[in-house]
Amino acid sequence: MRNRDLIAAVVTLILAVALWPQTVNYTNFGGIFPRTVLVLMALLSLYMIIARIRKPKLEAFFLVEHPWHIVVVSVAGLLWIWLVGVLGFVVASVIGMLFLVWFLDKEKRQLRPMLTAALVIVVEVGFFYLFFAKLFLVPLPEGIFF
Amino acid sequence: MDLITSSFVTVFSPGNLLLMLAAIVGGLVAGALPGFTATMAVALLVPFTFTMDPTTGLIVLGAIYMSAIYGGSFSAILINTPGTPSSIGTTFDGYPMAKKGEGEKAITTATISSVIGGLVGVVALLFLSPPLAQIALKFGPPEYFWIAIFGLTIISSLSSGSLAKGFLGGLIGLLLSAIGIAPIGGDIRFTFGRPELQGGIPLVVALIGFFTIPEILSMVAHGHKAHAAASDETGYKKRKGVFWQTAREVFAQPGNLIRSSILGTIIGILPGAGGNIANLVAYNETKRVSKHPEKFGTGIIDGVIATESSNNATVGGGLIPLLTLGVPGTPVDAVIFGALMLQGLNPGPQLFTQNADIVYSFILSLFVATLLMAPIGILGGRWLNRFVTKVSLRYLAPSILFLAILGSYAIDNSLPEVFMMLIFGVIAYVLRELGFDAGPIVLGLILGPLAEQGLVQSMLMGTALAQPWLILFTRPISIVLIIMSLVSAAWPIVVAYRKRRKAGAQAEVKEYAQS
């Protein structure tokens, strides 16, 4: 249990202070809007900080069953997108999805369920590939394959 | 009379009806796919309409437009991802309904509301076009600035916890909207030297990131519990009579339906403001006048009725300035504007006199398409609901991530934008854990450009005055909008005060009774 609002307000105050120097060289018309937003953000953050120091409100956060899943899925997502540019949309998506299916269910990591999963994924990716690339003419990345 | 008869004959010809049905199905699919907006669906179809006669081409475009706006509700309800920006508000109550095992009820509510909203918009298009278009012309930069401010007061409804945190979320959204080249001044802002940020944050990319990725991360972090729809307790159960029961509940809220549809029509008429703003304004207004505002966000049909009736009403509303003045109100209307020009038609007052047969056939076809949307949407939605609720988490989470990647790429065919989507998503997850709702942030992102342009252009307009900012307070429509903004912002404080007073009075009575 932590003072979640206080942490949130400190984060937004740091954001406002860190971004302010960038606005110094903006023209009058280009700078009026971001400057106003940053000032309001800093003031509101300060108000929240004072309010939560005077009257703390303890709340649970980041209380999850599998915290590592968040990290792995986020990193896998970034790698998947990077692979789209290298291997092409279809191949990268099949690999990305297959990895996540394997990772998310420890009980079904045997050959047979994984082969079924691979088949389902190939059909799903293939369907959307044809739908977008051939029907809607969206040029999906080809990479070194297709 | 001849005009009406000939319009009926044209619209109800077998060929046109068949094409309309195909366009409705196509629009529903496009709308339901995250990242595939109504604008993209209509734009993609324009080349296919070249070879058609003008009336048929417009019938097809109108049908796909109407159904794509409605289709966005499917993914909003089932996977908490607004298929189009017009369905952002539908996630607030639609998804909680799906989590409670009421996905079919939510989809039925969205269908009926979309049909009613669509019909109201089309009726306004048919009967009120000239006067409404004239009012819209009176809106200048100061009025648009105040519309954006009025829109920002909605934050009080969208924030589930602390109001200050809701406004901080809105400011984060406004800050995100300032990334890129300044609309006036030309400054390159907050890009950190990355050229891909110069164009600003694409709204749909941010929407997918802010709504989809936190949901995926939450699913995988909490295991099967987060995907309640897939659990045995609340998962899909075949229920009889859901449609009629839901229809009765929806029609028991005529005020909500009418108010939201009218709001959608009016907002649709204003150039620059479309379904993405209308659905949030309607949600806010419905919550504000509701007898049980605390239940909003927990999965009640009131919110879904408001958002879905208003966003479909913007279709007819948006076409009013387009057809009567030649001013496209939304990006989709701009695409239709192009399609009209390509067919040799000039949008504007003369369209109603020189090509009346085409215009009235188009309006009638919108009416018919809106009605046809209902059976197709109910059947399609029911099937989708069964499908999503039966898919296990190990397939669902990767499949949603796959659709998010595909959708964010399809916007501009840009891989950096896909990275942007995922990074936004992870940030949105952290912000959610810190207590920031996605709603206010996205609202800030949507209204930021409108507010900034309104503010800066007003300052330019006001250079003749002693103080340029005075122009914001001197025009009659601006004053009305200022009053509306003040009332909307003060409303939650009034409600909280009333609640406190009531609770205090009850406590006093209790104390007195005990003594």
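The model shown is predicted, which means the values in this text are computed figures rather than measured ones.

Description of the interface of chain A and chain B
Accessible area lost upon the coming together of the parts serves often as the stated size of an interface.
So, step 1. Taken residue by residue, the interface counts 66 residues in chain A and 64 residues in chain B.
So, step 2. Sorting the residues of chain A by area buried against chain B places Phe29, Phe33 and Ile81 of chain A first, and these three jointly supply 14% of that buried surface.
So, step 3. Connecting chain A to chain B are one salt bridge.
So, step 4. Across the pair Lys165 of chain B and Asp5 of chain A runs a salt bridge, and its minimum N-O distance is 2.3 Å.
So, step 5. Taken together, the links from chain A to chain B amount to nine residue pairs in polar contact (both at pLDDT 80 or more).
So, step 6. When residues of the side of chain A that touches chain B are traced back to their parent elements, those giving at least two are α1 (4-23), α2 (28-54), α3 (67-87), α4 (89-104) and α5 (111-135) of chain A.
So, step 7. Of the residues forming the side of chain A that touches chain B, the biggest block, 13 residues, is contributed by α2 of chain A.
So, step 8. Here the side of chain A that touches chain B is composed, by residue class, of 46 nonpolar, 14 polar and six charged.

Observations regarding the side chain of Ser399 of chain B
So, step 1. By the element assignment, Ser399 of chain B lies in helix α19 (residues 393-412).
So, step 2. Exposure remark for Ser399 of chain B: the relative accessible area of 12% places this residue in the buried category.

Comments concerning the confidence of the model for chain B
All names here are of chain B.
So, step 1. When pLDDT is averaged along chain B, the result is 85, and 94% of the positions lie at 70 or above.
So, step 2. Note on residues 228-236: pLDDT is under 50 here. Beyond four places in sequence and across chains, it has 19 contacts.
So, step 3. The complex model carries a pTM of 0.78, and its ipTM stands at 0.92.

Concerning the packing of helix α6 (residues 103-127) of chain B against helix α12 (residues 242-251) of chain B
Residues and elements named next belong to chain B.
So, step 1. Look at α6 against α12: their axes get within 9 Å of each other, and the N-to-C directions meet at 50 degrees. Taken together, the axes of α6 and α12 lie oblique to each other. The handedness of the crossing between α6 and α12 comes out as right-handed. Contacts from Glu104, Lys105, Thr108, Thr109, Ile112, Ser113 and Ile116 of α6 reach α12 at Val242, Phe243, Thr246, Ala247, Glu249, Val250 and Phe251.

Considering a nonpolar patch on the surface
Residues and elements named next belong to chain A.
So, step 1. Together, Trp20, Val24, Val39, Leu43, Leu46 and Ile50 make up a nonpolar patch on the protein surface, roughly 530 Å² of accessible area in all.
So, step 2. Ranked by residue count, the leading element in the nonpolar patch is α2, at four residues.
So, step 3. Tracing the sequence through the fold places Val39 in helix α2.

Scoring rules and cut-offs
- What you see as residue numbers is a count from 1 along each chain, following the sequence as written.
- Each chain takes a letter, starting from A, and each ligand takes a number, starting from 1, following the order in which they are written.
- Where totals are concerned, whole chains, interfaces and linings use all residues; where local detail is concerned, this predicted model gives features only for residues with pLDDT of at least 70, and gives and counts side-chain atom pairs only at 80 or more.
- Values shown for side chains rest on all heavy atoms present in the structure; no hydrogens or waters enter the calculation.
- Residue contacts follow a heavy-atom distance rule, with two residues in contact if any of their heavy atoms lie within 4.5 Å.
- The term buried area refers to how much accessible surface (probe radius 1.4 Å) is lost by two components on association, counted for both of them together.
- For this document, the term salt bridge refers to a Lys or Arg side-chain nitrogen within 4 Å of an Asp or Glu carboxyl oxygen.
- Pairs of N or O atoms are called polar contacts if they sit within 3.5 Å, as long as, within protein, a hydrogen donor faces a hydrogen acceptor (for residues adjacent in sequence, only side-chain-to-side-chain pairs).
- Strands here mean DSSP runs of E at least two residues long; helices mean DSSP runs of H or I at least four residues long; both are numbered from the N terminus.
- Polar here means any residue outside two lists: the nonpolar Ala, Val, Leu, Ile, Met, Phe, Trp, Tyr, Cys and Pro, and the charged Asp, Glu, Lys and Arg; Gly therefore counts as polar.
- For every residue, the accessible area obtained with a 1.4 Å probe (protein chains only) is divided by the maximum for its type, and the residue is called buried under 20%, exposed over 50%, and partly exposed between those limits.
- A score between 0 and 100, pLDDT records how confident the predictor is in each residue.
- The axes are straight lines fitted to the C-alpha atoms, using for helices just the contacting stretch, and the angles between their N-to-C directions are given from 0 to 180°.
- Any angle from 65 to 115 degrees is called roughly perpendicular, while one under 35 is roughly parallel, one over 145 is roughly antiparallel, and all others are oblique.
- Less than a right angle of anticlockwise turn of the near helix away from the far helix marks a crossing as left-handed, whereas a clockwise turn marks it as right-handed.
- Patches here: salt-bridge-free residues with over 30% relative accessible area, like charges joined within 9 Å, nonpolar side chains (Val, Leu, Ile, Met, Phe, Trp, Tyr) joined within 5 Å.
- Working definition of accessibility: Shrake-Rupley area with a 1.4 Å probe, residue cover restricted to the visible protein chains.

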